[in-house]
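Read off the chains here:
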Amino acid sequence: MNPILKSSAISKLLLMAVIFFYAATSSAQYTTDYASETPIINSNPLPKYSLDSLDYSMTIGIERTAKGRIWGAWVAGGDNEDAFFVLATSDNQGKIWSSPRMVIDPHDTKLPEKRRALVGTLWLDPLNRLWLFFDQALTYFDGRAGNWYTICENPDADNPTWSAPQRIWHGATLNKPAILKDGTWALPVSLWDRKKIKSDLFKTSYQELDSLRGAHLFTSVDSGKTWIRQGKVTFPSPQFDEHHITELTDGRLWMTARTAIGMHQSFSSDKGKTWSKPEFYMPHIGSRHVIKRLKSGKLLLIKHGELNEKTRTRSKMYAYLSDDEGKTWYGKLSIDERRGISYPDGFEDPKGNIFISYDRNRDTDGQILMVKFTEKDIVNQKVIDIKDRIVIAQPRGLDKKQ
């Protein structure tokens, strides 16, 4: 070979090696240096994060404190790498809501990639502490993310204080933990599949986690001081999992999850260490659902459409009851029939009132809504009137969006 050509070929090989090394290490460096940095709690978010400044709303959920304050959380920015968390409160059963009073916005213009908070849930534990679970990742999904929490021990105070965020593991938690009969706390955690990675920078990152991708159960026996990963389920055609954990009266754990081909289920007889092969449960559009144990012992289901229906759009949000551990459902309360509604979450108060939040037309109306009803209303197939839908928040910066 001509020495000049040989030298040129070697130079190209060296250049390619440098590029490959940078590509292989840059994503890990970004994640190590930035995605794992402790998020900052902003308890004085105004005026920067006022509703006048926000232009998008996707609900996370609601929770009630021991003294009756309702906290609401939602995602602003977008269902993308611009996402961040906003929290507000109501002290009169949702009639009037505060301006944003806590924000977690991990974005930093100094970073080489956008860092967002996109998935999470609010939960009041048996000690009356309010937990906010939230994830943090670079870009939309960097292949790993991180599941964090912060705790408010005085959620009814005039000036609530939040603990320094702690990282549990990878992935994200969208739905509330369950308390098992023996007192164990059961936390659903999802580590998304690689198809959720949209940035070329992270297309090959964290391949060592590929065997762990799926719907996990984490447990705690020390009031949340430590969390232990149990088993997982890999559902067919996964769509973020968004799974619920329900303890059945026979002692088994029941996991239901969102997939692209309907709601699926799996069961565990050993407290979540191993799970049955996932199977189809019922038709459902790709969206979040609710399955929750009520104080009466009945189960509450909230889904889109009739029990045997997969709606064409996110519409027709209905509530049902079950007396036989989810084998059959009855009643049908209509929460909202309109298109563009999604992501129910909620709680039951001491009087048996069920409060459910959801969002409507995230990019245009950006409404975070809440309704209240009872088991009797479900049995009587009540239709929630439009005047009884409470607006938790609606961004007023939509018209300013360019």
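All values derive from a computational prediction rather than experimental measurement.

Each value, and the rule that gives it
Residues numbered from 1 in each chain as written. Predicted model: local features only at pLDDT ≥ 70, side-chain atom pairs only at ≥ 80, totals over all residues. Heavy atoms only, no water. Helix = DSSP H or I, 4+ residues; strand = E, 2+ residues; numbered from the N terminus. Rg over C-alpha atoms; globule rule 2.2 N^0.38 Å. Buried < 20%, exposed > 50% of the residue type's maximum accessible area, 1.4 Å probe, protein only. Areas by Shrake-Rupley, 256 points an atom, 1.4 Å probe, with all protein chains shown as cover. Lys, Arg positive; Asp, Glu negative; His and termini not counted. Charge placed at Lys NZ, Arg CZ, Asp CG, Glu CD. Salt bridge = Lys/Arg side-chain N within 4 Å of Asp/Glu carboxyl O. Contact = heavy atoms within 4.5 Å. Polar contact = N/O pair within 3.5 Å; in protein donor to acceptor, adjacent residues only side chain to side chain. Pairing = 2+ DSSP bridges. Axes fitted to C-alpha atoms, helices over the stretch in contact; angles between N-to-C directions. Phe/Tyr/Trp six-rings, centres within 6.5 Å; stacked < 30°, edge-to-face > 60°. Lys NZ or Arg CZ within 6 Å of the ring centre and 35° of its normal. Patch = residues over 30% accessible without salt bridge, like charges linked within 9 Å, V, L, I, M, F, W, Y side chains within 5 Å.

Trainee: Provide a residue-level description of the overall build of the protein, including the pertinent values.
Mentor: Helix and strand counts for the protein stand at two helices and 26 strands. The C-alpha atoms of the protein give 22 Å as radius of gyration, which agrees with the globular expectation for 402 residues (21 Å, within 12%). By the burial criterion, 56% of the 402 residues in the protein qualify as buried. When the accessible surface of the protein is summed, it comes to about 17800 Å², and 53% of that surface belongs to carbon and sulfur atoms. Positive and negative side-chain charges of the protein, numbering 56 and 48 respectively, have mean locations separated by a distance of 2 Å.

Trainee: Give me the pattern of salt bridges: which residues, what numbers.
Mentor: Taken as a whole and judged by the stated rule, the model has 26 salt bridges. Note that D193 and K196 form a salt bridge whose closest N and O atoms lie 2.5 Å from each other. Accessibility expressed as a relative area gives 10% for K196, which makes it buried. Through salt bridges with shared partners, a single network forms among E63, K176, R288 and D345.

Trainee: Tell me about the environment of Q394, and name the residues and values.
Mentor: For Q394, the position within the fold is in the segment after β26 (390–393). The residues touching Q394, leaving out its near neighbours within four places in the chain, are L51, D365, G366 and Q367. At a separation of 3.0 Å, a polar atom in the side chain of Q394 contacts the main-chain carbonyl oxygen of D365.

Trainee: Before we move on, could you go through the sheet that holds strand β2 (residues 70–76) and cite the residues and values that matter?
Mentor: Strand order in the open sheet made by the four strands is β1-β2-β3-β4, with antiparallel pairing throughout. Each end of this open sheet is capped by a strand with a single partner; those strands are β1 (58–64) and β4 (102–104). Pairs of neighbouring strands in the sheet enclose a mean axial angle of 20°, with direction left out of account.

Trainee: Any details on the environment of P106? Residues and values, ideally.
Mentor: Note that P106 resides in the loop between β4 and β5 (115–116). You can call P106 buried: its relative accessible area is 6%. In this structure, the C-alpha to C-alpha distance between P106 and F84, residues 22 residues apart in sequence, is 7.1 Å. Residue contacts for P106: discarding those within four places in its chain leaves F84, L111, R115, R116, A117 and Q136.

Trainee: Which residues make up the packing of aromatic side chains, and what values go with them?
Mentor: The way to describe two aromatic rings as a pair is by their centre distance and the angle between their planes. Counted under the stated rule, the structure contains 20 aromatic pairs. Between W192 and F240, the aromatic rings sit 4.9 Å apart at their centres with planes inclined by 75°, giving edge-to-face as the arrangement. Of this pair, W192 sits in the loop between β12 (185–191) and β13 (214–220) while F240 sits in strand β15 (residues 238–247), and the two are 48 residues apart along the sequence. Each residue in the set W123, W131, F133, Y149, W185 and W227 is aromatic and connected to the rest through ring pairs, giving one cluster. One cation-aromatic arrangement involves K198 over Y140; the distance from NZ or CZ to the ring centre is 4.0 Å.

Trainee: So what's going on with a positive patch on the surface? Which residues, and what values?
Mentor: A surface patch of like charges, here positive, comprises K95, K351, K372 and K382. Relative to the helices and strands, K351 is located in the loop between β23 (341–348) and β24 (354–360). On the basis of relative accessible area, K351 is assigned to the exposed category, the value being 76%.

Trainee: Pulling in residues and values, what's your account of the pairing of β13?
Mentor: Where burial is concerned, most of β13 is hidden: seven out of the seven residues are buried. Bridge analysis of β13 against strand β14 (residues 228–233) gives four bridges, and the strand direction is antiparallel. Its bridge partner lying in β14, H216 is registered against K232.

Trainee: So, the side chain of S342: which residues are in play, and what are the values?
Mentor: Assignment of secondary structure puts S342 in strand β23. At 2.6 Å, the side chain of S342 and the side chain of D359 are in polar contact. A polar contact is formed between the side chain of S342 and the side chain of R362, at a distance of 3.1 Å.

Trainee: Which residues make up unusual backbone geometry, and what values do they have?
Mentor: For the bond from L46 to P47, the omega torsion is 5°, close enough to zero to count as cis. Looking at the secondary structure, you find P47 in the loop between α1 (3–35) and β1. The backbone of T139 shows a phi angle near 55°, a positive value even though the residue is not glycine. Positionally, T139 belongs in the loop between β8 (137–138) and β9 (147–152). Although it is not a glycine, A145 sits at a positive phi angle of roughly 55°. If you trace the backbone, A145 turns up in the loop between β8 and β9.

Trainee: Which residues make up the sheet that holds strand β6 (residues 120–124), and what are the values?
Mentor: Read from one edge of the open sheet, four strands run β6-β7-β9-β10, paired in antiparallel fashion. Edge positions in the sheet fall to β6 and β10 (166–169), since each of these pairs with one other strand and no more. On average, each strand axis in the sheet is inclined to that of its neighbour by 25°, with strand direction left out of account. Across three bridges, the pairing between β9 and β10 is antiparallel. Paired with Y149 across the two strands is Q166, which belongs to β10.

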